[in-house]
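# Descriptive structure summary
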Amino acid sequence: MPFRTQLARHTFSTLLSVVAAVLCFVIALQLILASARHELQQNGQETLATFDAIFGEIQSVTDALNRLGYADCNRDNLLAMRRAVFNANYIKGIGFFQDGKLVCATSSGRLKTPLTEPKPDYQDAQGNQFWLRSRIMLFRDDSTPRYAFIAQRGRYNVVLELQQKLAVEMRNARDWELLFQGQGHPPVHMAGVQGLFDGSLAQEQLTNTSFSACSSQYPQYCLALRQSSQAVLEQNSYLMVVAFIFSLIVGAATSIGQSLYRDYRSSIRVRLRQGLRHQGFYWLLQPVVDMASGKVIGAEALARFADDIGPLSPDQFIDRLRELELAWPFTVQMLNRTLTELEACTELPAGFKVSFNIYPHLLATGAIRELMALPVIKASRFKLVFEVTEDEELDKAQAQANLHYLRQQGIGLAVDDFGTGYANLGQLIKMDCDLLKIDRSFVTDMEEHSVRSSLIPQIVGIARQLNVQLVAEGVENERQYQALRKLGVDYAQGWLFGKPMTLGELVVLLEQQAAAA
Ligand SMILES: Nc1nc2c(ncn2[C@@H]2O[C@@H]3COP(=O)(O)O[C@H]4[C@@H](O)[C@H](n5cnc6c(=O)[nH]c(N)nc65)O[C@@H]4COP(=O)(O)O[C@H]3[C@H]2O)c(=O)[nH]1
């Protein structure tokens, strides 16, 4: 694979792993924020529920006391007030008013001097009065200053730590606001961060987690909560570390996954399967020349393979196709594609010899007869030749019968790479072939006068005896050509006449040959 392509793949792969890791981390952050948002909403609802419970208590306790109808701070009144404080969940103290002045309280009993309350911070539609931050003394000897929320309803007031209680409820929110919005009344900021409720919560939604709602039971009271994303992430720092490690793992897994996929994709098995589906195979034609005239009288189809990963040579894929049990679809594709292309080429004369390599084991199965039913074979104007290498498969009775059948159908039979394989004279006689192809190794050795090349005259003798014609493979130079011609070899194939070429190139060769005649 070229270095640039490799570099581009490597860069893409790294980029993809980084993107996967970043994406995973971003999703994890979003999940943390979403969970914090959910928690804050719940927190807001729970706080409002607590608020409702507190105000419900204020209402029920003061209503009950007012209903008792005491006109002064007598023992029974004080006892009822103290009993109410004892039974209350939130109320810390109760006071009783006579003539507009506080005359007794659960904490200090009857006051020596009745107290006049300062002006309330706000008043609701029913005339109830509220003080947001009153300095109180819950016990006689209370020396530390304490501030409380006071609500006066009728002749009683109640003291409680409303803001403190709500602040505990809103454990997650750093910023919050409790607000009173009475009708015809400017909003009263009761506690927390002033202006938060009306402020820019909506605009801040992107960077903050927020909640804002009014009580369903006391709709004049509203609550806003805000927690910045930064605070959420700080609170969940251990989760962030886990998310970060997980993202790294996802990045690494993506990288490993890609490499496994690349290995899988680049495995010859997958490439060949894909190649059969997506035209990874194509066939070139090598001219076959008549020795006597020196003219091209035919061609052998030779398979080639190339995909986006690169080319594969026949040495790499021919045997592999057989192992993968793909020999049959490959052979059918070879015949269909090659013959369709050749048939459409008007420059090729009828009777032009077209040779195809056929897997010997296919000859031993009945399937080979199905080839004869292929329209491209039935309608072909060419002289078709099936080349088979010498193979023990051909000894089988079924193979012999099929070979006979093919011959009857007008298919020429050639024994390929003759001299290198298994065939003996008896087998050759049984095969009843038309052609013997002398293996390239005999031709190559001719100039060195090797023992092997000295066998060529013997091969010529066998061919004459069997009455078959001879084709010499791998003829690369004029000397080999002339020597083979003198020995009586009928046809030749080799680089001297042309390497495997496209149909267009073969046509040009034929035209040059016609022009020279
Ligand atoms: N050095 C040299 N080489 C020459 C010369 N002339 C031809 N050749 C090469 O010799 C091989 C001849 O094909 P083969 O004996 O049928 O041997 C073929 C054939 O057995 C098999 N093959 C190729 N295509 C197919 C196919 O479509 N189907 C089947 N079943 N087998 C095929 O793969 C083998 C190798 O094919 P290729 O690599 O194409 O190699 C081809 C061809 O390119 C020459 O002058 N010098």
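Residues numbered from 1 in each chain as written. Predicted model: local features only at pLDDT ≥ 70, side-chain atom pairs only at ≥ 80, totals over all residues. Heavy atoms only, no water.

The protein chain carries the name cyclic-guanylate-specific phosphodiesterase in an unreviewed UniProt entry, which gives Gallaecimonas pentaromativorans as its organism. Of the comments in the UniProt record for the protein chain, the one headed Subcellular location (unreviewed entry) reads "Cell membrane". Recorded under Catalytic activity (unreviewed entry), the UniProt text for the protein chain is reproduced unchanged: "3',3'-c-di-GMP + H2O = 5'-phosphoguanylyl(3'->5')guanosine + H(+)". (UniProt positions renumbered as here; feature names shortened; annotations may be inferred.)

## Notes on the UniProt feature "transmembrane region" (unreviewed entry) in the protein chain
Residues annotated by UniProt as "transmembrane region" (unreviewed entry) correspond here to residues 12–33 and 238–261. Strand forms 0% of residues 12–33 and helix 100%; the C-alpha atoms that close the span are 31 Å apart. Note that residues 238–261 is 100% helix and 0% strand, and that its end C-alpha atoms are spaced 34 Å apart. (Helix = DSSP H or I, 4+ residues; strand = E, 2+ residues; numbered from the N terminus.)

## Digging into the sheet that holds strand β2 (residues 101–105)
What the seven strands build is an open sheet, ordered β3-β2-β1-β7-β6-β5-β4; its pairing is antiparallel. Across the chains shown, the open sheet's two edge strands, defined by having one partner strand only, are β3 (109–115) and β4 (122–123). Sheet analysis places strand β1 (residues 93–98) next to β2, joined by four bridges and oriented antiparallel. Along β2, the bridge assignment pairs Phe97 with Leu102. Where helix α2 (residues 75–87) meets the sheet, it contacts β1, β2, β3 and β7 (156–160), and its direction lies at approximately 150 degrees from that of β1. (Pairing = 2+ DSSP bridges. Contact = heavy atoms within 4.5 Å. Axes fitted to C-alpha atoms, helices over the stretch in contact; angles between N-to-C directions.)

## What to know about the site of the ligand
In the vicinity of the ligand there are 23 residues, among which Gln286, Glu300, Asp416, Glu476 and Trp495 approach most closely. Between the ligand and Trp283, the relevant distance is 3.0 Å, taken from an oxygen atom to a side-chain nitrogen or oxygen of the residue. Within the side chain of Asn357, a nitrogen or oxygen atom sits 3.0 Å from an oxygen atom of the ligand. Protein contacts shield 84% of the accessible area of the ligand, which totals 800 Å² for the unbound molecule. Cavity membership is defined here by more than half of the atoms lying within 2 Å of grid points; on that basis the ligand lies in the largest pocket. At the level of elements, β12 (281–290), β13 (296–307), α7 (314–323), α8 (327–343) and β17 (412–418) are the ones that each hand at least two residues to the shell around the ligand. (Near = heavy atom within 4 Å. Polar contact = N/O pair within 3.5 Å; in protein donor to acceptor, adjacent residues only side chain to side chain. Areas by Shrake-Rupley, 256 points an atom, 1.4 Å probe, with all protein chains shown as cover. 1 Å grid on protein atoms, 1.4 Å probe; cavity = no way out; pocket = protein on both sides within 12 Å on 5 of 7 lines; lining within 4 Å. Sits in = over half its atoms within 2 Å of the grid points.)

## Focus on unusual backbone geometry
You will see that Glu325, though not glycine, has its phi angle at about 60 degrees, which is positive. As for its placement among the helices and strands, Glu325 is situated in the loop between α7 and α8. Phi at Asp432 takes a positive value of approximately 55 degrees, unusual for a residue other than glycine.

## Observations concerning a nonpolar patch on the surface
Together, Val241, Phe244, Ile245, Leu248 and Ile249 give the surface a local cluster of nonpolar side chains, amounting to about 480 Å² of exposed area. For Phe244, the location among the structural elements is in helix α5 (residues 237–266). (Patch = residues over 30% accessible without salt bridge, like charges linked within 9 Å, V, L, I, M, F, W, Y side chains within 5 Å. Salt bridge = Lys/Arg side-chain N within 4 Å of Asp/Glu carboxyl O.)

## Some words on the side chain of Gln333
Relative to the elements of secondary structure, Gln333 occurs in helix α8. Only 3.0 Å separates the side chain of Gln333 from the backbone oxygen of Leu276, close enough to count as a polar contact. Not counting residues up to four positions away in its chain, the partners in contact with Gln333 are Leu276, Phe281, Trp283 and Thr338.

## Quick notes on the environment of Leu16
Note that Leu16 resides in helix α1 (residues 3–68). On the basis of relative accessibility, which here comes to 34%, the residue Leu16 falls in the partly exposed class. Leu16 has contacts with Thr254 and Gln258, leaving out every residue within four places of it along the chain. (Buried < 20%, exposed > 50% of the residue type's maximum accessible area, 1.4 Å probe, protein only.)

## A few points about empty space enclosed by the protein
Counting across every chain of the model gives one cavity of 30 Å³ or more. What lines the largest cavity is simply Val288, Ile297, Lys353, Ser355, Val385, Glu387, Ala414, Leu435, Lys437, Val471, Tyr491 and Gln493. At the level of elements, β15 (353–357), β16 (383–389), β18 (435–438) and β20 (491–493) are the ones that each hand at least two residues to the lining of the largest cavity. (Points joined across faces, edges and corners; volume = space filled by probe spheres on them.)

## As for the packing of aromatic side chains
Within a pair of aromatic rings, the relevant descriptors are the distance that separates the centres and the angle that separates the planes. Overall, the coordinates contain 24 aromatic pairs when judged by the stated rule. By the ring-pair criterion, three or more aromatic residues cluster together here, those being Phe51, Phe55, Tyr122, Phe130, Phe149, Phe180, Tyr218 and Tyr221. Sitting over the face of the ring of Tyr147, Arg133 holds its NZ or CZ atom 4.0 Å from the ring centroid. When the ring centre of Trp495 is taken as origin, the NZ or CZ atom of Lys499, which lies over that ring, is 4.1 Å away. (Phe/Tyr/Trp six-rings, centres within 6.5 Å; stacked < 30°, edge-to-face > 60°. Lys NZ or Arg CZ within 6 Å of the ring centre and 35° of its normal.)

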